[in-house]
2 protein chains.
Amino acid sequence: MPELRQDLVRGNWVLIATDTALKPRDFPMHKNGVKFSSTNNFCPFCEGNEAYTTSELASLRENGSLPDSPGWLIRTITNKYSGFRLEGELRIIEDRIYQSCNGLGQHEVIIETPEHGVEFHHFSREKIGTVLQMLKERYNVLARDERVKYIQIYKNRGLLAGASLEHSHSQILALPMLPNSLRGIGDYYGKNRRCLLCDVLEEEKKEGKRIIKEEENFVVLCPYASRFPYETWIIPRRHNAHFGDISQGELISLSSILFAFLRVMVAYLNDPAYNMVIISAPLNTGDAAGYHWYLEIIPRLLINSGVEITTGIYMNPVAPEIAAHMFRERMSKEPF
Amino acid sequence: MPELRQDLVRGNWVLIATDTALKPRDFPMHKNGVKFSSTNNFCPFCEGNEAYTTSELASLRENGSLPDSPGWLIRTITNKYSGFRLEGELRIIEDRIYQSCNGLGQHEVIIETPEHGVEFHHFSREKIGTVLQMLKERYNVLARDERVKYIQIYKNRGLLAGASLEHSHSQILALPMLPNSLRGIGDYYGKNRRCLLCDVLEEEKKEGKRIIKEEENFVVLCPYASRFPYETWIIPRRHNAHFGDISQGELISLSSILFAFLRVMVAYLNDPAYNMVIISAPLNTGDAAGYHWYLEIIPRLLINSGVEITTGIYMNPVAPEIAAHMFRERMSKEPF
């Protein structure tokens, strides 16, 4: 059974696989290069290879096809390499100076398409909408479990964004605690009794220079303290703590924005690796005040160096005002 | 003039280059690959190319050769791409909800050898000692400036450790504040009135299973909450806040340990990219109580994914007990 251990220097938790260990040759990287682990052209996420994954938890299927067989459009399974299990209760173990707990949680993979090589930024608006709908449904299923305190939705596109498989997929991780790194939102509310993201929207609309696009339900912008070059946030105008409460109208809007923005971003940045993450409120704790869900898009153009790993101080060579200007110009030419 | 901006979601600071911006084509990465920026075989760090760098701040030279000319063994220059300048005072600017400050600090590069392709883990014990001596001297010069509140020493080896040049070098970054991510050490002292690293040493010596090597002045171990596979810490036995106060005996010991350990690590992990960082105490603040300098070695075998970037919760597939066992066996066969 894997465990979460507290890093006393940094305050955060680390998931440690205590049963099995990867051997040095199992890692995809060497000093200057990286490769996908499945080099023999076999992909467990392709249609027809359902037997090579864990059983599906949910799927969108045509023609009454059976679970774990071909005929699906989207398929959600358990991440079989993850140590998280949503079984039993949280057990915090104090071992003199150290603290650990069991890996209570759930880690799911959403295989977004049966077709290998068709990527999220190639999808139609409608297809993006069905992926978002699946993410919303899985979020809400997991959020109902009282043991789940936070849900992280994320997508790794490309090896240099941390993907281990090329086939287009997203992931959902349900955790037994709110990660430390997101406490700033709650701290801001504690100090100001105002929602940080609502205040950011108000401030940015006044300034204008970091805004890429405004539409009915969302504002797209490069954040004031962008950690990564061309980092972009998509913030819903409506104050709403949980991604799971996204409305149908918002979901359609978000699909259109992602459809247009990702095409612009991928073309302008020369097909980069990227992450998409949805930051949402703590669950089942009574501490959601001041949280407001939003989506971050992070092109991975630089590798974190020793200074970023250690200090958490990022060095970003592209000011968000410049990044927003570049994207704004290109987005204005897109049909929307 | 570049600026540091506070990230309100995460609490940390980000250095933003506000003058110039890298163009998408200037970045070394694409979706699955990465390359060094100097592809035309010209290296500004090689002997004879001194005119292509900033003027040297310090050097170790033979034969009375002149500054910024050939004849050096180690050479320290300003990082010319960095925005940090140790000029004037810290100016904190409040702009409604946002906070920024000027990039007050100094960023130096230590070119460790005139020979391209000879890496830190190829150096003799004596050569490693002269690099550590230079790092100590530069640390102490910068620490005397009252405006400097923290100094981060770090080394990026390989593109996948964030290096932009291949030629062996280390860096020193003097900052106007203590990074948030290191506050855990001070918090531990505030709560327990004990040094975290002294307590870690005591605890680990009792347990033994995460220790790689013990010698007179240092203990080498894989930390309890290792964020990265095969993460290794070298901790001085003597409680001492600042790396700049390392004794001559400790410096010689540390050179021998690095000489032996890095050869074992590089061979066992198949020539990985890696970072070395020295974590030391806050400076010129009166808040150094409970800090105890130590060195971290981080092989970069995995790329951080969306979940690590967002939540700060690392997933480590190699338990530190297993990593320590592998290294301990191999270190026991090394002449020491």
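Residues numbered from 1 in each chain as written. Chains lettered and ligands numbered in written order. Predicted model: local features only at pLDDT ≥ 70, side-chain atom pairs only at ≥ 80, totals over all residues. Heavy atoms only, no water.

Per an unreviewed UniProt entry, chain A carries the name UDPglucose--hexose-1-phosphate uridylyltransferase and comes from Thermosyntropha lipolytica DSM 11003. Per UniProt, chain A has the following entry under Sequence similarities (unreviewed entry): "Belongs to the galactose-1-phosphate uridylyltransferase type 1 family." (UniProt positions renumbered as here; feature names shortened; annotations may be inferred.)

**Topic: the packing of helix H4 (residues 248-268) of chain B against helix H6 (residues 320-331) of chain B**
Residues and elements named next belong to chain B. Two elements in contact, H4 and H6, have axes whose closest approach is 10 Å; the angle formed by their N-to-C orientations is 120°. By the angle class used here, H4 and H6 are oblique. Here the hand of the crossing between H4 and H6 comes out right-handed. For the pair formed by H4 and H6, the contact residues are Ala-260, Phe-261, Val-264, Met-265 and Tyr-268 on the first element and Met-326, Phe-327, Arg-330 and Met-331 on the second. Considering only residue class, the contact of H4 with H6 consists of eight nonpolar, no polar and one charged. (Axes fitted to C-alpha atoms, helices over the stretch in contact; angles between N-to-C directions. Helix = DSSP H or I, 4+ residues; strand = E, 2+ residues; numbered from the N terminus. Parallel < 35°, antiparallel > 145°, perpendicular 65-115°, else oblique. Left-handed = near helix turned anticlockwise from the far one by under 90°. Contact = heavy atoms within 4.5 Å. Nonpolar A, V, L, I, M, F, W, Y, C, P; charged D, E, K, R; others polar.)

**Let's talk about the UniProt feature "active site" (unreviewed entry) in chain A**
All names here are of chain A. If you check UniProt for "active site" (unreviewed entry), the listed places come out as His-169 in our numbering. Structurally, His-169 can be placed in strand S9 (residues 169-175). In this structure His-169 comes out as buried when scored by relative accessible area, which is 6%. In this structure His-169 touches Phe-45, Val-109, Ile-110, Ile-111, Glu-112 and Lys-155, once residues within four positions along its chain are discounted. (Buried < 20%, exposed > 50% of the residue type's maximum accessible area, 1.4 Å probe, protein only.)

**Overview of helix H4 (residues 248-268) of chain A**
Residues and elements named next belong to chain A. The end-to-end C-alpha distance of H4 is 30 Å, a good match for the 30 Å that 21 residues give at a rise of 1.5 Å each. In terms of residue burial, H4 counts as a mostly covered element, since 16 of its 21 residues are buried. In the stretch just after H4, Asn-270 is the one whose phi turns positive, near 60°. (Expected span 1.5 Å × (residues − 1).)

**Comments concerning the relation of the copies chain A and chain B**
Its rotation angle being 180°, the transformation that places chain A on chain B also includes 0.0 Å of axial translation and leaves an RMSD of 0.0 Å. Expressed as an axis order, the relation between the two copies is that of a two-fold axis. Here 100% of the contact residues of chain A are again contact residues in chain B; the copies associate through an equivalent surface. (Least-squares fit on C-alpha atoms with pLDDT ≥ 70 in both.)

**Here's the deal with the environment of Phe-259 of chain A**
Take Phe-259 of chain A: it is sitting in helix H4. Judged by relative accessible area, Phe-259 of chain A falls into the buried class, the value being 14%.

**Description of the interface of chain A and chain B**
Each partner contributes residues to the interface: chain A has 107 residues there, and chain B has 107 residues. Summing the contributions of chain A and of chain B, the shared interface buries around 9000 Å²; its carbon and sulfur component is 64%. Run the count over chain A and chain B and you get 28 residue pairs in polar contact (both at pLDDT 80 or more). When residues of the side of chain A that touches chain B are assigned to their parent elements, the largest contribution, seven residues, is made by helix H3 (residues 196-207) of chain A. Looking at the side of chain A that touches chain B residue by residue, the class counts come to 58 nonpolar, 26 polar and 23 charged. (Buried area = accessible area lost by both parts, 1.4 Å probe. Polar contact = N/O pair within 3.5 Å; in protein donor to acceptor, adjacent residues only side chain to side chain.)

**Re the pairing of strand S1 (residues 3-6) of chain A**
It is a general feature of regular strands that their side chains alternate between the two faces of the sheet. Residue and element names in this part refer to chain A. Where S1 lies against strand S6 (residues 98-102), three bridges are found, and the strand directions are antiparallel. Each residue of the ladder has a partner; that of Arg-5, found in S6, is Ser-100. Sheet topology note: the S1/strand S2 (residues 13-16) ladder contains four bridges and is antiparallel. What sits directly across from Glu-3, in S2, is Ile-16. Here S1 hands over to S2 after six residues, with Gly-11 in that stretch at a positive phi of 85°. (Pairing = 2+ DSSP bridges.)

**Points about the UniProt feature "binding site: Zn(2+)" (unreviewed entry) in chain A**
Residues and elements named next belong to chain A. When the UniProt feature table is mapped to this numbering, "binding site: Zn(2+)" (unreviewed entry) covers Cys-43, Cys-46, His-116 and His-167. Taken together, the annotated residues stretch across 125 residues yet fold into one region, lying no more than 8.2 Å apart by C-alpha. Aside from chain neighbours lying at most four places away, what touches Cys-46 is Trp-72, Pro-114, His-116 and His-167. With respect to the helices and strands, the residue His-167 is situated in the loop between strand S8 (150-157) and S9.

**Description of the sheet that holds strand S13 (residues 274-279) of chain B**
Residues and elements named next belong to chain B. With respect to topology, 10 strands assemble into an open sheet ordered S3-S4-S7-S9-S8-S13-S14-S12-S11-S10, the strand pairing being antiparallel. Both edges of this open sheet fall to strand S3 (56-61) and strand S10 (211-214), since each of them pairs with a single strand only. Sheet twist, expressed as the mean angle between neighbouring strand axes with direction ignored, is 15°. Sheet analysis places S13 next to strand S14 (residues 294-299), joined by six bridges and oriented antiparallel. Its bridge partner being in S14, Asn-275 is matched across the sheet by Ile-298. Strands S3, strand S4 (72-78), strand S7 (106-111), strand S8 (150-157) and strand S9 (169-175) of the sheet are contacted by helix H1 (residues 125-143), whose axis makes an angle of about 30° with S4. In this fold H6 packs onto S10 and strand S12 (232-236), with an angle of close to 35° to the strand it touches most, S10.

**What to know about the packing of helix H1 (residues 125-143) of chain A against H4 of chain A**
Residues and elements named next belong to chain A. Where H1 contacts H4, the two axes come as close as 8 Å, and the packing angle between them is 130°. When the interaxial angle is binned, H1 and H4 end up oblique. The two elements H1 and H4 cross, and the hand of that crossing is right-handed. Note on element contacts: H4 touches H1 through Gln-248, Leu-251, Leu-254, Ser-255, Ser-256, Leu-258 and Phe-259, opposite Arg-125, Ile-128, Gly-129, Leu-132, Gln-133 and Lys-136. Here the contact of H1 with H4 is built from residues that sort into six nonpolar, five polar and two charged.

**Overview of the packing of aromatic side chains**
The description of an aromatic ring pair uses the distance of the two centres, along with the angle that the planes make with each other. Inspection of every chain in the model, using the stated rule, returns 24 aromatic pairs over all chains. Taking 5.0 Å as the distance between ring centres and 75° as the angle between the ring planes, the aromatic pair formed by Phe-261 of chain A and Phe-327 of chain A counts as edge-to-face. Of this pair, Phe-261 of chain A sits in helix H4 while Phe-327 of chain A sits in helix H6 (residues 320-332), and the two are 66 residues apart along the sequence. On the basis of relative accessibility, which here comes to 0%, the residue Phe-327 of chain A falls in the buried class. Between the aromatic rings of Tyr-268 of chain A and Phe-327 of chain A, the centroid separation amounts to 6.2 Å while the plane-to-plane angle is 80°, which identifies the pairing as edge-to-face. Linking Tyr-268 of chain A in helix H4 with Phe-327 of chain A in helix H6, this pair joins segments that are 59 residues apart in sequence. Site record: aromatic cluster; members linked through ring pairs are Tyr-139, Phe-218, Phe-243 and Trp-293 of chain A. Over the ring of Tyr-224 of chain B we find Arg-5 of chain A; its NZ or CZ atom is 4.8 Å from the centre of that ring. Stacked on the ring of Trp-72 of chain B, the Lys or Arg Arg-75 of chain B has its end atom at 6.0 Å from the ring centre. (Phe/Tyr/Trp six-rings, centres within 6.5 Å; stacked < 30°, edge-to-face > 60°. Lys NZ or Arg CZ within 6 Å of the ring centre and 35° of its normal.)

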